[in-house]
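If you want the building blocks of each chain, they are given just below.
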Amino acid sequence: MRTIGITLVLIMELVLQATFFQFFNINGHSPDFVLVTLIVIGIYFEKEESWKYGLIIGILKDVFFGIVFGVYSLLYFVVVIIISWIGKSMFKESLVAPLILFPVGILVSNLLLFLINYLLGKGIAFSEFVAARGPVYLAVNLVGTLIVYTLFNMLRKRGYLLDKTRI
């Protein structure tokens, strides 16, 4: 039941990100709530469970918004696995976990996205890519991560995320 609920939240975030959140941006950057939610899922759940969320939402994003099928499926799958593997020994209620793992998740996802685009011949200069993913992009998504992480903590404290979570 929890899997269905989290998947529905991710689908809702995907739709809102493609529509509503486009109007609320700072210097052209709006939070990537799907990615930050996947990072938080990687913090909270074992990799045996969390990879499913990355793969499912990645496939949906590829089908509806991707230019080349499989890019976001691979990207989200790898990010969730890495975050889950690194975060398996962290204390989940501390803000240290998302503050440490957020940059790792963003770095992995962006480097992988750059590499995939480069290999597909659709890449841009690395300096342009880094400039597009600069401090404003990081700040906006860090705020998004803290919002999602706080919501997950509230749900856990109310008992909605207790089974199979690493607390």
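Going along each chain's sequence as written, the residues are numbered from 1 onward. For this predicted model, a pLDDT threshold of at least 70 governs which residues receive local features, and a threshold of 80 or more governs which side-chain atom pairs are given and counted, while totals over whole chains, interfaces and linings are taken from all residues. Derived side-chain values reflect all non-hydrogen atoms in the structure, with water molecules and hydrogen atoms excluded from consideration.

Student: Explain the environment of Leu-112 here, please?
Tutor: Under the DSSP-based scheme used, a helix requires at least four consecutive residues in state H or I and a strand at least two consecutive residues in state E, with every element numbered from the N terminus. Mapped onto the elements of the fold, Leu-112 is located in helix 5 (residues 96-119). For Leu-112, a relative accessible area of 17% gives the class buried. Sequence separation of Leu-112 and Tyr-72 is 40 residues, and the distance between their C-alpha atoms is 9.9 Å. Each residue touching Leu-112, except ones within four places of it in the same chain, is listed here: Leu-74, Leu-75 and Val-78. Exposed residues in this analysis have more than 50% of their type's maximum accessible area, buried residues have under 20%, and partly exposed residues fall in between, with area computed by a 1.4 Å probe over protein chains only. Should any heavy atoms of two residues lie within 4.5 Å, those residues are considered in contact.

Student: Can you help me understand the packing of aromatic side chains in this one?
Tutor: What characterises a pair of aromatic rings is the spacing of the ring centres plus the angle enclosed by the ring planes. Side-chain rings of Phe, Tyr and Trp, where Trp is taken by its six-membered ring, are said to pair if the distance between their centres is within 6.5 Å; with planes under 30 degrees apart they count as stacked, over 60 as edge-to-face, and otherwise as tilted. All told, the structure shown has 11 aromatic pairs when counted by the stated rule. Judged by centre distance (5.8 Å) and plane angle (45°), the rings of Tyr-72 and Tyr-76 are tilted. One end of the pair, Tyr-72, and the other, Tyr-76, are both in helix 4 (residues 71-86), four residues apart, so they sit about a helical turn from each other. The exposure class assigned to Tyr-76 is buried, which follows from its relative accessible area of 1%. Put simply, the rings of Phe-114, Tyr-118, Phe-126 and Phe-129 pair up and form one aromatic cluster. Here, over-ring charges are defined by two tests on the NZ atom of lysine or the CZ atom of arginine: distance to the ring centre within 6 Å, and angle to the ring normal within 35 degrees. The ring of Tyr-72 carries Lys-61 above its face, with NZ or CZ at 4.4 Å from the centroid.

Student: Would you mind going over the layout of surface pockets with me for this structure?
Tutor: The method is simple in principle: a probe with the dimensions of a water molecule rolls over the atoms, and the space it marks as empty is what remains. In this analysis, the protein atoms alone were mapped onto a 1 Å grid. Cavities are point sets where a 1.4 Å probe fits without being able to get out; pockets are open sets with protein on both sides within 12 Å along at least five of seven lines; lining residues have an atom within 4 Å of a point. Grid points are joined across faces, edges and corners, and a volume is the space filled by probe spheres set on the points. One number sums up the size of the largest pocket: a volume of about 690 Å³. Secondary-structure elements contributing two or more residues to the lining of the largest pocket are helix 1 (2-18), helix 3 (47-65), helix 4 and helix 5. For the lining of the largest pocket, the per-class residue count stands at 14 nonpolar, 10 polar and four charged. One number sums up the size of the second largest pocket: a volume of about 300 Å³. Lining the second largest pocket are 17 residues, and of these Val-9, Glu-13, Leu-151, Phe-152 and Leu-155 lie nearest its centre. Examining the composition of the lining of the second largest pocket, we find that seven residues originate from one element, helix 1, more than from any other. Here the lining of the second largest pocket is composed, by residue class, of 14 nonpolar, one polar and two charged. Ten residues, namely Ala, Val, Leu, Ile, Met, Phe, Trp, Tyr, Cys and Pro, are considered nonpolar, four, namely Asp, Glu, Lys and Arg, are considered charged, and the remaining ones, Gly among them, are considered polar.

Student: Would you take a moment to explain the environment of Thr-7 for this structure?
Tutor: Its location among the elements puts Thr-7 in helix 1. Residues in contact with Thr-7, not counting those within four places in the same chain, are Tyr-53 and Ile-56.

Student: Hey, could you run me through helix 1 in this one?
Tutor: Side chains that are three or four residues apart share a direction in an α-helix, a result of its 3.6 residues per turn. A helix is expected to span 1.5 Å for every residue after the first. With 17 residues, helix 1 extends 24 Å between its outermost C-alpha atoms, agreeing within 8% with the 24 Å of an ideal straight helix rising 1.5 Å per residue. Among the residues making up helix 1, those that are buried are Arg-2, Ile-6, Thr-7, Leu-10, Glu-13, Leu-14 and Gln-17. Mapping the buried residues of helix 1 onto a view down its axis gives an arc of 130°, with all of them on the same face. Summarising the geometry of helix 1, the exposed residues directed more than 90 degrees from the buried face are Ile-4 and Leu-8. Those residues of helix 1 hidden inside the fold are in contact with helix 2 (33-44) and helix 3. Regarding the arc, it is the one traced by the directions from the helix axis to the C-beta atoms.

Student: What is the right way to read the side chain of Asn-110 from this model?
Tutor: For Asn-110, the location among the structural elements is in helix 5. For Asn-110, a relative accessible area of 9% gives the class buried. In this structure, Asn-110 is in contact with Phe-129, Arg-133 and Tyr-137, ignoring residues within four places of it in sequence.

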